[in-house]
Amino acid sequence: MKTEGISYILSAPSGTGKSTVIKRLRELAPNLKLSISHTTRSPRKNEVDGEDYFFISEDEFKARLEKNEFLEWARVHNNYYGTARQTIDEARENGWDVLLELDVQGVQTLRNMTFPGVYIFIVPPSLDELRRRLVRRGTEPEEKIEQRIQVGREEIKRYKLYDYVVANRDVEETASTILSIFRVAPCESKRFQAPSEDIQALLESEGEG
Ligand code: 5GP
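Note that this is a predicted model, so its numbers are computed, not measured.

Enquirer: What is the right way to read the sheet that holds strand S7 (residues 98-101) from this model?
Expert: Pairing between the strands of a sheet is mediated by backbone hydrogen bonds and can be parallel or antiparallel. Reading across from one edge, S2-S7-S1-S8-S9 is the order of the 5 strands in this open sheet, with parallel pairing throughout. Strand pairing shows two members of the sheet lacking a second neighbour, strand S2 (33-34) and strand S9 (164-167), which therefore form its edges. Bridge analysis of strand S1 (residues 7-11) against S7 gives 4 bridges, and the strand direction is parallel. Opposite Ile 9, over in S7, you have Leu 100 as the bridge partner.

In structure tokens, the structure reads:
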């Protein structure tokens with residue numbers, strides 16, 4: 001029987017530790033595919049084209065946008081980011097579970113189109129801790145750190161866009177909580193997939209007799 005994959009949509013304010021959590025999740029759930037976005041941002045050191053993102057020029061991004069190639073897209077911190085429809089279609093056709101890492105605007109777009117998925121938001125344990133993590137990460141100049149915290153505050157206010165909200169106090173604990181969400185999601189009755197043909201027949205006769 002063909003199984004359908006589930007899309008997991010994950011967001012977090014910048015500096016919350018999302019990348020570290022995702023790295024751990026990929027170790028714990030190796031079958032999960034990561035949707036690789038397109039971006040006009042320059043690669044950071046250690047980032048690999050085609051693995052972390054598809055790094056493209058603004059002209060190319062706009063050309064793809066014109067051709068309606070993106071399922072959703074957003075401008076974040078002066079760069080464009082988008083999810084290719086093809087990536088998600090491929091996952092769907094193959095029954096893969098896929099993880100989409102999106103900002104809050106992208107999530108709003110998907111919610112507006114009632115895109116089916118499990119929406120998860122990671123928040124920092126406190127704003128002070130967020131500031132400490134951004135300083136420690138050292139990828140942003142000081143004036144940009146306050147700007148990111150401000151954006152983060154606005155994002156946290158929109159937590160109700162998500163099905164689950166997890167406070168990232170500790171990577172191991174957060175990854176384990178999200179793994180529990182991955183385990184439970186396929187058992188939600190609206191997503192349940194019959195384990196055999198005879199159970200499937202019963203599911204299809206729901207409400208009869
Ligand atoms: P970063 O530049 O730090 O990798 O990502 C900046 C923000 O853009 C993060 O919140 C990240 O989740 C978001 N982002 C990455 N890819 C996409 C995408 O395809 N669409 C949207 N809407 N946001 C994305």
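The structure having been displayed, the exposition proceeds.
Enquirer: Which parts of the structure should I look at to understand the environment of Tyr 162?
Expert: For Tyr 162, the position within the fold is in the loop between helix H6 (142-156) and S9. In this structure, the C-alpha to C-alpha distance between Tyr 162 and Glu 27, residues 135 residues apart in sequence, is 24 Å. In contact with Tyr 162, other than residues within four places in its own chain, are Ser 11, Val 104, Val 107, Arg 111, Tyr 119, Ile 120 and Phe 121. Within the structure, the side chain of Tyr 162 is placed 2.8 Å from the side chain of Ser 11, a separation counted as a polar contact.

Enquirer: Is there a simple way to explain the packing of helix H5 (residues 127-137) against H6 in this structure?
Expert: For any two helices packed against each other, the geometry comes down to the angle between their axes and how far apart the axes lie. Orientation of H5 relative to H6, taken along the N-to-C sense of each, is 140°, at an axis distance of 10 Å. As summarised for this structure, H5 and H6 are arranged oblique, according to the angle between their axes. As H5 packs across H6, the resulting crossing turns out to be right-handed. Note on element contacts: H6 touches H5 through Ile 145, Glu 146, Arg 148, Ile 149, Arg 153 and Ile 156, opposite Leu 127, Leu 130, Arg 131, Leu 134, Val 135 and Arg 137. Residues of the contact of H5 with H6, tallied by class, amount to 7 nonpolar, no polar and 5 charged.

Enquirer: So what exactly am I meant to see when it comes to the site of the ligand here?
Expert: With respect to spatial proximity, 15 residues lie near the ligand, and among them Lys 18, Ser 37, Arg 41, Tyr 53 and Tyr 81 are the closest. At a separation of 2.6 Å, an oxygen atom of the ligand approaches a polar side-chain atom of Arg 41. Between the ligand and the protein, one listed contact pairs an oxygen atom with a side-chain N or O atom of Tyr 81 at 2.4 Å. Here the ligand loses 91% of its free accessible area of 510 Å² to cover by the protein chains. Secondary structure elements with two or more residues in the shell around the ligand: strand S5 (70-76) and strand S6 (79-84).

Reading the values: the criteria
- Residues numbered from 1 in each chain as written.
- Predicted model: local features only at pLDDT ≥ 70, side-chain atom pairs only at ≥ 80, totals over all residues.
- Heavy atoms only, no water.
- Pairing = 2+ DSSP bridges.
- Helix = DSSP H or I, 4+ residues; strand = E, 2+ residues; numbered from the N terminus.
- Contact = heavy atoms within 4.5 Å.
- Polar contact = N/O pair within 3.5 Å; in protein donor to acceptor, adjacent residues only side chain to side chain.
- Axes fitted to C-alpha atoms, helices over the stretch in contact; angles between N-to-C directions.
- Parallel < 35°, antiparallel > 145°, perpendicular 65-115°, else oblique.
- Left-handed = near helix turned anticlockwise from the far one by under 90°.
- Nonpolar A, V, L, I, M, F, W, Y, C, P; charged D, E, K, R; others polar.
- Near = heavy atom within 4 Å.
- Areas by Shrake-Rupley, 256 points an atom, 1.4 Å probe, with all protein chains shown as cover.

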